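Chains, contacts and geometry: an overview
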Amino acid sequence: MDLTFVIIVETLYAVASLVLISAGLAVVFGMMKVINLAHGEFMMMGGYVTITAVGLGVNVFVAMLVIAPLVVGLIGLVVERLVIRHLYGRLVDTMLATWGLSLVFIGLATMIFGNTTTGISTPITGFAVGNYQINGYNFFIIVVSIVLVIGIYAVLRGTRAGLIARGAMQRSDMAAALGYSPDRIYMATFFCGSALSGLAGAVLAPLVGLVPTSGGAYIAKAFITVIAGGPALIAGLVSSATSFGVVSQVFTFAISPVFGEVALLVLAVILLRAMPQGITGRLFKGKL
Amino acid sequence: MARTALQDVLLTLVVSALLIWIMPMLIGTYTLTVLVIYGMLGLSLGLIWGFGGILCFGQAAFFGLGAYTYAIAAINIGESTLPMLLAVLVPAIFAALLGAMMFYGRLTDVYLGVITLVVTLILFKFVNSTAGPQYVIGKARLGGFNGIPGFQTLNVPGDPGAYIWGDPYYYVCAVALVIVFLLVTWLLRSSFGRIALGIRENEVRMGLMGYDVAARKTVMFAIGAAIAGLAGALFANWGEIVTPSLFSLGQSAEIIIWCIVGGLGTRIGPIIGAAGLAYLKFLLGQQSLIDNTLITGLILVLFVLFLPKGLAPAIAALFRAVFGRTRRKPDARRMRRARHG
C-alpha cells in the first residue's frame, strides 16, 4: 500500500518534471518551428540566477518563480534579436547556431561561477509514508507543472495575445496582412519560451548539484519529449511526457534507474519510427 | 568536375605526400596523429551529410563503437589485424541496421537527428553503467566510466610483438587518411555517388526515376559509419585507452562543427575543419584566460551566421576572384539545399 503510493507519487513526479523540462522548448518549437538547443543552458542559467538571488537574501520562492524567469527571458530576448531572428525558416541552421550558443553559455558560466558544483537546499521538508521517505519538494514540482500547463492553455485559448500567437503560428502571412508584425510576435514568443526554461531550471535547481554543464542533462530529454509530442503544443507535451515518464518509472522500479533511462530512449526511437510526425501528428489532430 | 580522375588522384597524392612530409616539422607527430584521425572522422560525417544529405547527430556513436570494438577484440585476440577489420565492420553493420530502420520508415530532417542522438545517448548511458564485473565480453571487462585500458595496440600484421607507435604510427594514420580520401573520391565519381547527390537534391524525383532511395541512403550511412569506425580504432590505438566519453554528445557536436566550419559539400573541407579546430583547441587548452568551450561555441555561431558555406568554398571563391577566370560555376543553391538535410 505504502509502496503503491510511493510509486504513484514518483511516477507523477517523473511526468511533471518532463513537462517542466520540455515546456520552454515546446513553446518555442510549437509556435516558431525553431529548435532551441541552448534550452538546457537557459535552464542552467535559471538555476544560477536562483542560487545567486538566494545568496543575496531574496526569498527562495520569489527567486525561483519571479526573478529567474524574468532574467532568463531577457537573456533569451537578446539572443533572439542577435542571432535567431536571422535564421527563421532554416531549421537545421537554427539548431546549429543555438548549439553554438549553448557552448558559449557553458563557457561563460564556467568563467563566472567556476567549474564547481553549487546548490541550495530544498525549501520544503520531506515526510514519511509508512517505511518510505518522500521528498516534499516533489509535490511542489507536480503542482508547478499542472499550473504551468493550465496557464499555457488559458493564455493561448483565453486571451487576445494567445489568439494572435495561434494565428501567427498557423498562417504568419495572414497575421501580417491583418496588421500584426510576425517579427514582434516571434520575439514575444521566444521571450516566453526562454522564461519558461528559466523557470524550469530554477524550480529544479534545489534537486540537482548545479554545474555549468548541467544543461546537457536536460536538453536531450526535452528535445525527445517535444519531437515525440508532435505539432500540437499542449496535447503533445502532456501525452509524450506521460508516456515517457510512466515507462521510465516502471523500468526504474522493476530493474534499475539506468534501465529506466534506457527504456525511455528506446521508447522514443520506437515512437518516432511508428509515428514520424509525433504523437499528435497521428492521434490528437488539430488540438491545441 | 573539370579535372579528370587521374589528375585528381595525382594531385591528391602529391599534395598529401608534401603535407605528410612537411607537417611533422611544424607540429609534434603525437599531436599530428590525432589531428589526422579527427580529419578522418570529419570526412566520415562530411560524406554522409555533405554528399548524402543525411544529418547525423550521432556520428560519435560509430566512432566510439569502432574504438570499443577494437579494444575488446584486441584483448581477446591479442593481435591487431582482425580487430582493425572488426572495428570497421561492426559500426558499418550497426549503421546499416539503424539506417534501414530509419530510411525505410521515411524519417527525415529533425526526426533523423533525434533518433541518431538518442542512439548515441543509449550507448553512452549503457557503456557508462557497465563498471561491474558481470559485464564481460570474452576476456575484456567493459569497465563502465573507467573505460578499457591496456589492450594490444597496433602491430605489424602477423607479428604481435612488433608494435607500431610513435612516428611510424603517424605515417600509418596519414596514409590511411589518404587512402580513405581517395576511396571517397572514387565513390563520389561513381554512379553511386552521382545518384547519392541526386537523392540529396530531390529525393522524390530520384524515387520516381526508379532508384531505391532508402537502400542507397542506408548504404551511404553505413559507409560513413565504417570510416568513423576506422577513425575510432585508430584513436583507440593512439590513446591506448577507450572511455565512454567517445560516445558523448560533446564529441558528436564537435564533428558537426568541424563540417560546418570546413565546408559542407566538399571532401577536403571537413578534414581541414577537423584538424584546424582540434589544433586550435589544443592551443587554447594551454591558456586559462578564456574558456575553451566559449570559443568553440562562438566559432560555430559566427560561422552559421556569416559563413554558412564554410571555409573551403569561401577560400576557393576568393582564390578564383583573385586569380582570374572561374573554371567552375559557383553552385550556391546546391550548398544551401544540402544543409537542410
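That block above? That's the structure.
Residues numbered from 1 in each chain as written. Chains lettered and ligands numbered in written order. Predicted model: local features only at pLDDT ≥ 70, side-chain atom pairs only at ≥ 80, totals over all residues.

1. Concerning the overall build of chain A
Quick note on the threshold: Each helix is a run of H or I in the DSSP string that is no shorter than four residues. Each strand is a run of E no shorter than two, and both are numbered from the N terminus. In this treatment the radius of gyration is a C-alpha quantity, and the globule benchmark scales as 2.2 Å times the residue count to the 0.38 power. By the convention adopted here, residues make contact when the C-beta atoms placed from their backbones lie within 7 Å.
A tally of helices and strands in chain A yields 12 helices and 2 strands. Written out in order from the N terminus, the α and β elements of chain A read α-α-α-α-β-β-α-α-α-α-α-α-α-α. At 19 Å, chain A has a C-alpha radius of gyration in line with the 19 Å of a compact globule built from 288 residues. On the principal axes, the C-alpha backbone points of chain A span a range of 65 × 45 × 35 Å. Expressed as a percentage of contacts within chain A between residues at least 6 apart in sequence, the contacts between residues at least 24 apart total 75%.

2. What to know about the overall build of chain B
Quick reminder of the rule: Three exposure classes are used, all based on how many other C-beta atoms lie within 10 Å of a residue's own C-beta (placed from the backbone): buried at 20 or more, exposed at 12 or fewer, and partly exposed between those limits.
Of the regular secondary structure elements, chain B holds 14 helices and 4 strands. For chain B, whose C-alpha radius of gyration is 20 Å, the value lies close to the compact-globule estimate of 20 Å for 341 residues. Along the first, second and third principal axes, the C-alpha atoms of chain B reach 60 × 50 × 45 Å. By residue count, 45% of the 341 residues in chain B fall in the buried class. Long-range contacts, defined here as pairs at least 24 residues apart, represent 76% of the contacts in chain B between residues at least 6 apart.

3. Let's talk about helix H10 (residues 249-262) of chain B
All names here are of chain B. Where we set the bar: One less than the residue count of a helix, multiplied by 1.5 Å, gives the span that helix is expected to have.
With 14 residues, H10 should reach 20 Å at 1.5 Å per residue; the first-to-last C-alpha distance of 20 Å fits that figure. With 11 of 14 residues buried, H10 lies mostly within the body of the structure. Positive phi shows up at Gly263, right after H10, with a value of about 125°.

4. Side note on the nonpolar core
Definition in use: To form a nonpolar core, buried Ala, Val, Leu, Ile, Met, Phe, Trp, Tyr and Cys residues must be joined through C-beta atoms within 7 Å.
Within the largest apolar cluster, 203 residues are counted, with the highest numbers of intra-cluster contacts made by Leu20(A) and Val118(B). Ignoring anything within four residues of it in the chain, the contact list for Val118(B) reads Ile224(A), Leu265(A), Ala268(A) and Val269(A).

5. Structural notes on helix H6 (residues 167-189) of chain B
Residues that lie three or four places apart on an α-helix share one face, since the helix turns once every 3.6 residues. Residues and elements named next belong to chain B. Along its 23 residues, H6 runs 33 Å from first to last C-alpha, staying within 8% of the 33 Å computed at 1.5 Å per residue. Among all positions of H6, only Tyr170, Cys173, Ala174, Leu177, Val180 and Val184 are buried. Buried residues in H6 make contact with helix H1 (5-26), helix H2 (29-51) and helix H9 (213-239).

6. A closer look at the interface of chain A and chain B
Test applied: Polarity classes work like this: nonpolar for Ala, Val, Leu, Ile, Met, Phe, Trp, Tyr, Cys and Pro, charged for Asp, Glu, Lys and Arg, and polar for all others, with Gly in that last group.
At the junction of the two partners, chain A supplies 34 residues and chain B supplies 36 residues. Considering every element that reaches the side of chain A that touches chain B, the biggest residue donor is helix H4 (residues 91-113) of chain A, with 16 residues. Across the side of chain A that touches chain B, the residue classes break down as 25 nonpolar, 6 polar and 3 charged.

7. Examining the packing of H2(B) against H6(B)
Two measures define how a pair of helices packs: the angle their axes make with one another and the distance between the axes. All names here are of chain B. Rule in force here: Fitted lines through C-alpha atoms serve as axes, helices being fitted only where they are in contact, and the angles separating the N-to-C directions of these axes extend from 0 to 180 degrees. Orientation categories follow fixed angle ranges, with anything under 35 degrees roughly parallel, anything over 145 roughly antiparallel, 65 to 115 roughly perpendicular, and all other angles oblique. Handedness of a helix crossing follows the sense of rotation of the near helix relative to the far helix, less than a right angle counterclockwise being left-handed and clockwise being right-handed.
The N-to-C vectors of H2 and H6 enclose an angle of 15°; their axes lie 8 Å apart at closest approach. The orientation of H2 with respect to H6, classified from their angle, is roughly parallel. As for how H2 packs across H6, the hand of that crossing is left-handed. Contact with H2, carried on its side by Thr29, Leu32, Thr33, Val36, Ile37, Gly39, Met40, Leu43, Leu47 and Phe51, involves Asp167, Tyr169, Tyr170, Cys173, Ala174, Leu177, Val180, Phe181, Val184 and Leu188 of H6 and no other residues of that element. By residue class, the composition of the contact of H2 with H6 is 16 nonpolar, 3 polar and 1 charged.

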